[in-house]
Amino acid sequence: FFFSSRRRHTRQRSVSWARRCVQETVTLLRKLDLGIFTCEKTIIQELAPMIAGLPNITYLGLDNMAIDMEGAKALASAMSKAKFLTGLSLQGIRLGSLGAKVVAPAFKELKYLSELNLGSCDLGSEGSVAIFSAMQGLKLLTILNLRYNNMGTEGAKALALALKEFTVLTNISVDWNDLKSEGCHLYTSDAADERSSVDLGGRRIIKKK
């Protein structure tokens, strides 16, 4: 079952609309895509309890939603309960370093996650370290987008450690992260030997046969 919203709504109407749709389909819902759902920062707080109550959800898309610290806490709570997620897209949610630290522990619960989009989340160095450290248990991850997060060298080091655990990862995008030469060096390490595709900003490295 697929449910998607790509329209603009006022805050009250959008929350009411989403609540009604979710309640009516709660037992069937597998994929929930609320990307570009442009509303006030409290929208995630109000949707989180409903998301947490979806027993069969395997994909969650919340691209470009506004968020504050309370929203980050609500998002973390919802993620930790959605244990069967195989796909998660938070692209454009400006978590920042503080928000990333709040959300990070929830990734430890997503054991079945295979596709993760954290592009343009403004993670910064400290936020990247927190999230990558928590992600090390995601053994089934195959696709990872980390573009535009300004992770810096420390974030790259944390990612390098996580890459050693991502044994089935085939596609990772890390362009526009201020990696410089030291950060980019991690992609020549043994941890990256089996990667099929690595995007370093317009230059795509393909696995040697």
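Residues numbered from 1 in each chain as written. Predicted model: local features only at pLDDT ≥ 70, side-chain atom pairs only at ≥ 80, totals over all residues. Heavy atoms only, no water.

Q: What should I look at first to understand helix α6 (residues 152-163) in this one?
A: Each α-helix winds once per 3.6 residues, and so residues spaced three or four apart point in a common direction. For α6, spanning 12 residues, the distance from its first C-alpha to its last is 16 Å, which sits close to the expected 16 Å at 1.5 Å a residue. Burial in α6 covers these residues: Gly-152, Gly-155, Ala-156, Ala-158, Leu-159, Ala-160, Ala-162 and Leu-163. (Helix = DSSP H or I, 4+ residues; strand = E, 2+ residues; numbered from the N terminus. Expected span 1.5 Å × (residues − 1). Buried < 20%, exposed > 50% of the residue type's maximum accessible area, 1.4 Å probe, protein only.)

Q: Looking at this model, I keep getting lost on the environment of Gly-96. Mind explaining?
A: Position of Gly-96 relative to the elements: it lies in helix α4 (residues 96-103). In sequence terms Gly-96 and Asn-149 are 53 residues apart; their C-alpha atoms lie 8.9 Å from each other. When sequence neighbours within four positions are dropped, the list of residues in contact with Gly-96 reads Cys-121, Asp-122 and Leu-123. (Contact = heavy atoms within 4.5 Å.)

Q: Can you walk me through the packing of aromatic side chains in this structure?
A: The geometry of an aromatic ring pair comes down to the distance between the two centres and the angle between the two planes. Applying the stated criterion across every chain yields a total of two aromatic pairs. Arranged with centres 5.8 Å apart and planes meeting at 10°, the rings of Tyr-148 and Trp-176 form a pair that is stacked. Pair noted here: Tyr-148 is in the loop between β6 (143-145) and α6 and Trp-176 is in the loop between β7 (171-173) and α7 (180-184), with a separation of 28 residues, a long-range link. A cation sits over an aromatic face here: Lys-31 above Tyr-59, 5.0 Å from the ring centre. (Phe/Tyr/Trp six-rings, centres within 6.5 Å; stacked < 30°, edge-to-face > 60°. Lys NZ or Arg CZ within 6 Å of the ring centre and 35° of its normal.)

Q: Explain the nonpolar core here, please?
A: Across soluble globular proteins, nonpolar side chains have a tendency to be buried as a group. Of all hydrophobic cores here, the largest spans 57 residues; its most connected members are Leu-88, Phe-107, Met-135 and Leu-144. If you list the elements that add at least two residues to this core, you get α2 (43-52), α3 (69-81), α4, α5 (124-134) and α6. (Core = buried A, V, L, I, M, F, W, Y, C linked by side-chain atoms within 4.5 Å.)

Q: Help me understand the packing of α5 against α6, please; the structure alone is not making it clear to me.
A: Two packed helices can be described by the angle between their axes and the distance between those axes. Between α5 and α6, whose axes approach to 8 Å, the crossing angle comes to 10°. One element, α5, and the other, α6, form an angle in the roughly parallel class. Of the residues in α6, those touching α5 at Ser-125, Ser-128, Val-129 and Phe-132 are Glu-154, Gly-155, Ala-158, Leu-159 and Ala-162. Classifying every residue of the contact of α5 with α6 gives five nonpolar, three polar and one charged. (Axes fitted to C-alpha atoms, helices over the stretch in contact; angles between N-to-C directions. Parallel < 35°, antiparallel > 145°, perpendicular 65-115°, else oblique. Nonpolar A, V, L, I, M, F, W, Y, C, P; charged D, E, K, R; others polar.)

Q: Is there a simple way to think about the environment of Ala-66 in this case?
A: In this fold, Ala-66 is placed in the loop between β3 (59-61) and α3. With a relative accessible area of 26%, Ala-66 lands in the partly exposed category. Expressed as a C-alpha distance, the spacing of Ala-66 and Arg-94, which sit 28 residues apart in the sequence, is 7.2 Å.

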